[in-house]
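Structural characterization, general
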Amino acid sequence: MATIHELHKKLVNKEISAVELTNAVIAHKAKVEPTVHAYLSDSHDRALATAKLVDEAIAKGDAISPLAGIPGAIKDNICIKDEPATCASKMLENFVPPYNASVIERLQNNHYISLGKLNMDEFAMGGSTENSALAKTSNPWNADCVPGGSSGGSAAAVSSGSAIWALGSDTGGSIRQPASFCGVVGLKPTYGNVSRYGLIAFASSLDQIGPITRDVTDAALVLNAISGHDAKDSTSIPGTRVDYTTALVNDVKNLKIGVPKEFFGEGLNSEVRKAIEEAIETYKKLGAEIVEVSLPNSKYALSAYYIIALAEASSNLARYDGVSYGMRVPADNLVDMSTKTRTEGFGPEVQRRILLGTYVLSAGYYDAYYLKALKVRRLIKNEFDEAFSKVDLILTPTAPNTSYKFGEKANDPLAMYLEDICTVPANLAGIPGISIPAGMSSNNLPIGLQLLGPAMGEETLLRAAFTFEQARPDCQLVAPTGEVSL
């Protein structure tokens, strides 16, 4: 399995050139894309030009960053100057940003290579990538199944080998859940650890950019490149960031891992439950102390999340009115133009969320719904703070089920929303979470294990995830199409 750290060694040792590597991944992408459809646009010329610069630096004996010359790809709600940023929506189908997101600026300083922009649920609203208005992305393990969402294209690209790494965004599990469905690693950093400047907003108090990679070491390397304070983001946490690769220590002795009983109730798939219980036993054998904890208010997390997220979405998406940028449908007057533009430009799920979000913010309902949801959010955060005063990490399933067939939940929004039940609490609390592969189901679909840590606790998360990965090589999954021929 080609990883960032393995390929970096090959580049430094001149076993392969960056141009050769980039061409190899582009060739592999051409083979798998007709089935997977992870990409919405390509940037091969720019990628090869950067690869050439990396090779020139290596030839001169210059040191290169761990990401230099390693082909990745970017979710299509993160702005790259002069490349499309569609959010998989007809509303922004022709939008080309005039600036870079802060994470892109940081990656450019590392001579990153992006092969293109990746498919997603429209405006990051969904858990299957079925809500994309522009493409249908399949799970590399089974083309009849969804890759998860909203960062489904990111997870599918890494899993299928059409990108070695990818960036996604996580509002309620949109990095971790598709990582679970596709058998890769997905990390949601602490809110404010990675700048949101240049991320097209869904729910501003919940959104967070993070990496999707092939193993935990790669996740640490990408996090090193994108994390840190950014003056352009008022919610960015100040202070110097650590080198997250120093946390990659194969040792969890005396680490206290909490297991919340609320995450193991009804609705949890029996095979997922078995895989997570086996993971708990693995940690016990490795010397970790398993502690039962309780997060009673987590049962309200999903309701609170969908009130807060939809209210913020209603506000954020009000800017798409056909006036300043994006799609415009001509009409006789401003009101009709705006109405027709929003009706034709937004898909059904986005329209549903805007309507519900506007409703909970309206006079007479603000206190009953939105204000109450904010109070529940605080209770949930307080519960996590209390739990982390007793344990170092919390362990749960990433999702209650494995991937499902296309159309299985598309006409039942509530069933789709319930798939986020294990992931949304972390976004409400602003804490980091990581999903790592924990096994396979009987129908050959990946199962994900989620670890949650206290705010800015990414080091402990990475250490525990890395230790599990080293102890359970059987859980390092490679999709049938995932090997890149070098």
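This structure is a prediction, so every number in the text was calculated from the model and none was measured.

Section: the UniProt feature "domain: Amidase" (unreviewed entry) in the chain
Annotation from UniProt places "domain: Amidase" (unreviewed entry) at residues 20-462. Annotated as 37% helix and 13% strand, the span residues 20-462 places its first and last C-alpha atoms 31 Å apart.

Re the UniProt feature "active site" (unreviewed entry) in the chain
Mapped onto the present numbering, the UniProt feature "active site" (unreviewed entry) falls on K75, S150 and S174. With the annotated positions falling across 100 residues, the maximum pairwise C-alpha distance of 11.1 Å places them together in a single cluster. Cross-referencing the annotated residues with the largest cavity identifies S174 as lining it. Turning to its location among the elements, K75 is positioned in strand 2 (residues 71-75). Its relative accessible area of 0% is what places K75 among the buried residues. Discounting residues that sit within four places of it in the chain, K75 has contacts with K117, L118, M120, A124, S150, S151, S154, L167, G168, S169 and S174. Judged by relative accessible area, S174 falls into the buried class, the value being 6%. Other than its neighbours up to four places away in sequence, S174 contacts K75, A124, G126, G149, S150, S151 and S169. Among the polar contacts listed, one links the side chain of S174 to the backbone nitrogen of S150, at a separation of 3.1 Å.

Side note on empty space enclosed by the protein
The gaps of empty space that remain are located by a probe, the size of a water molecule, rolled over the atoms. Applying the stated criterion to the full structure yields three cavities of 30 Å³ or more. One number sums up the size of the largest cavity: a volume of about 80 Å³. Looking at the lining of the largest cavity, the elements that each hand over two or more residues are helix 9 (301-316) and helix 13 (413-418). The class makeup of the residues in the lining of the largest cavity is six nonpolar, five polar and two charged.

Side note on the packing of helix 11 (residues 348-361) against helix 12 (residues 366-388)
One can describe the packing of helix 11 onto helix 12 by two numbers: an axis separation of 7 Å at closest approach and a directional angle of 105°. Considered as vectors, helix 11 and helix 12 are oriented roughly perpendicular to each other. In this structure, helix 11 contributes Y359, V360 and L361 to the contact, and helix 12 contributes Y366, Y369 and Y370.

Quick word on helix 8 (residues 270-285)
With 16 residues, helix 8 should reach 22 Å at 1.5 Å per residue; the first-to-last C-alpha distance of 23 Å fits that figure. Elements that come into contact with the buried residues of helix 8 comprise strand 7 (256-260), strand 8 (289-293), strand 9 (393-397), strand 10 (433-440), strand 11 (446-452) and helix 15 (458-471). Of the residues flanking the start of helix 8, the one acting as N-cap is N269, its side-chain oxygen 2.7 Å from the backbone nitrogen of E271. Backbone geometry just downstream of helix 8 places G287 in the positive-phi region, at approximately 105°.

Observations concerning the nonpolar core
If you look at the biggest cluster of nonpolar residues, it comprises 150 residues, and the most contacted ones within it are L107, F123, W165, L167, I226 and Y283. At eleven residues, helix 9 tops the list of elements feeding residues into this core. Within the second largest apolar cluster, five residues are counted, among which are W141, C145, L445 and A479.

Thoughts on the sheet that holds strand 7
Spatial strand order, 1-3-2-4-6-5-10-11-9-7-8: eleven strands in an open sheet with mixed pairing. Strands at the two margins of the open sheet, each flanked by one partner only, are strand 1 (39-42) and strand 8. The sheet shows a mean angle of 30° between the axes of neighbouring strands, direction not considered. Here strand 5 (residues 185-188) runs beside strand 6 (residues 209-213); their pairing, made up of two bridges, is antiparallel. Looking at strand 6, one finds that V185 is bridged to T213. Across the sheet, helix 7 (residues 216-226) touches strand 4 (165-169), strand 5, strand 6 and strand 10, and the angle it forms with strand 6 is around 150°.

Description of unusual backbone geometry
With an omega of 5°, the peptide bond between G149 and S150 qualifies as cis. Topologically, S150 is positioned in the loop between strand 3 (113-118) and helix 5 (152-160). Non-glycine residue N254 carries a positive phi angle of around 70°. Within the element layout of this structure, N254 appears in the loop between helix 7 and strand 7.

Examining helix 15
Helix length check: helix 15 (14 residues) gives 20 Å between terminal C-alpha atoms against 20 Å at 1.5 Å per residue, within 8%. E458, L461, L462, A464, A465, F466, T467, F468 and E469 are the residues of helix 15 that are buried. The inward-facing, buried residues of helix 15 contact strand 5, helix 7, helix 8, strand 9, strand 10 and strand 11.

Definitions and cut-offs
Residues numbered from 1 in each chain as written. Predicted model: local features only at pLDDT ≥ 70, side-chain atom pairs only at ≥ 80, totals over all residues. Heavy atoms only, no water. UniProt positions renumbered as here; feature names shortened; annotations may be inferred. Helix = DSSP H or I, 4+ residues; strand = E, 2+ residues; numbered from the N terminus. 1 Å grid on protein atoms, 1.4 Å probe; cavity = no way out; pocket = protein on both sides within 12 Å on 5 of 7 lines; lining within 4 Å. Buried < 20%, exposed > 50% of the residue type's maximum accessible area, 1.4 Å probe, protein only. Contact = heavy atoms within 4.5 Å. Polar contact = N/O pair within 3.5 Å; in protein donor to acceptor, adjacent residues only side chain to side chain. Points joined across faces, edges and corners; volume = space filled by probe spheres on them. Nonpolar A, V, L, I, M, F, W, Y, C, P; charged D, E, K, R; others polar. Axes fitted to C-alpha atoms, helices over the stretch in contact; angles between N-to-C directions. Parallel < 35°, antiparallel > 145°, perpendicular 65-115°, else oblique. Expected span 1.5 Å × (residues − 1). Core = buried A, V, L, I, M, F, W, Y, C linked by side-chain atoms within 4.5 Å. Pairing = 2+ DSSP bridges.

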